[in-house]
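Coordinate analysis (summary)
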Amino acid sequence: MSELKKFVEDIIKRTAAEHSQSNMFLEPIVGFASAENPLYDKLDELIGRPQVHPKEFLETAKTVIVYFIPFSRETVKTIQGKNAISKEWSRSYTYANEILSNIGRNLHKELELNGITVKSEPPTYTNATYDSINLSAKWSHKSTAVIAGIGTFGLNHLLITEKGTAGRLGSVVIDAEIEPTKAREDSFCLYYKSGKCKVCVEKCPSGALSDDGSFNRFRCNAYLDGKNIRDSEQGCGMCSSGPCATRGF
Ligand code: SF4
Ligand code: SF4
């Protein structure tokens, strides 16, 4: 492992471990993608909406660093087999966003001290790269995670990693080279692997997910808007609570 790769991994893992609620999470999974990866040129076509290229973020971009913060098994168990999220799940979502912000801040601080430029997005959609008409992000942490091989897309339209789909993702772009991690050739989703699971589709309360692989983000968003007004626990999480919640297949 290169010195810089280890330095970056150490910052991410140490920052996550320093959070006061770190016991609600497993150790982060970290991946690296080259900003020159040809898949970035095809994302508009693959996703079907305009996406920001790493070099639009940072003209001198060389590497995208991506990190996944998995929720603990205990937290996941609080929503498995249920039709509603728990207090623990809702709190994990908030704490994970804090951890992602801390990681972004520490990567900026510690890499820039070493002469490396860092560009990042906050973990929530309050920025110029969110398309509010199509309700979609123009910078996809998930796509970078797939390019960097830390997971694959599931029928739930989320990232599934070796530690599952329940968790939160972040990424930053830097102007230094780090050897890319390899993309996976197989899928971590049981449905895409064997056709044997559709739990996410069956549990989705809004009908946004379908076994033809489509995702109606307007349905999902309308459901979440209504739910968040009347429910003290924010978010849904039902598509993260299937058999892939804590493992990839
Ligand atoms: S719940 Fe089943 S079908 Fe849905 S993403 Fe997970 S493994 Fe795939
Ligand atoms: S967040 Fe809820 S409503 Fe939206 S796709 Fe997932 S399960 Fe369906």
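Definitions and limits used
Residues numbered from 1 in each chain as written. Chains lettered and ligands numbered in written order. Predicted model: local features only at pLDDT ≥ 70, side-chain atom pairs only at ≥ 80, totals over all residues. Heavy atoms only, no water. Helix = DSSP H or I, 4+ residues; strand = E, 2+ residues; numbered from the N terminus. Rg over C-alpha atoms; globule rule 2.2 N^0.38 Å. Buried < 20%, exposed > 50% of the residue type's maximum accessible area, 1.4 Å probe, protein only. Contact = heavy atoms within 4.5 Å. Areas by Shrake-Rupley, 256 points an atom, 1.4 Å probe, with all protein chains shown as cover. Lys, Arg positive; Asp, Glu negative; His and termini not counted. Charge placed at Lys NZ, Arg CZ, Asp CG, Glu CD. Near = heavy atom within 4 Å. Nonpolar A, V, L, I, M, F, W, Y, C, P; charged D, E, K, R; others polar.

Named according to an unreviewed UniProt entry, the chain is Epoxyqueuosine reductase QueG (Queuosine biosynthesis) originating from Anaeromicropila populeti.

1. Things to note about the overall build of the chain
Helix and strand content of the chain: nine helices and eight strands. Relative to the 2.2 N^0.38 estimate, which gives 18 Å for 249 residues, the radius of gyration of the chain is 17 Å and therefore close to what a compact globule would have. For the chain, the spread of C-alpha atoms along the three principal axes comes to 50 × 40 × 35 Å. For the chain, the proportion of its 249 residues judged to be buried stands at 49%. Nonlocal contacts in the chain, meaning residues at least 24 apart in sequence, comprise 74% of its contacts between residues at least 6 apart. Total accessible area on the chain is roughly 12300 Å²; 50% of this is exposed by carbon and sulfur atoms. Side chains of the chain carry 31 positive and 30 negative charges; the gap between the two charge centres is 6 Å.

2. Considerations on the site of ligand 2
Cys-204, Pro-205, Ser-206, Leu-209, Phe-215, Cys-220, Tyr-223, Cys-236, Met-238 and Cys-239 make up every residue found near ligand 2. Class assignment for the residues of the shell around ligand 2 results in nine nonpolar, one polar and no charged.

3. Section: the environment of Ile-160
In this structure, Ile-160 sits in strand β7 (residues 159-160). Here Ile-160 falls in the buried class, since its relative accessible area comes to 0%. Filtering out sequence-adjacent residues up to four positions away, Ile-160 remains in contact with Ile-150, Gly-151, Thr-152, Gly-154, Thr-165, Phe-188, Cys-189, Cys-244, Arg-247 and Gly-248.

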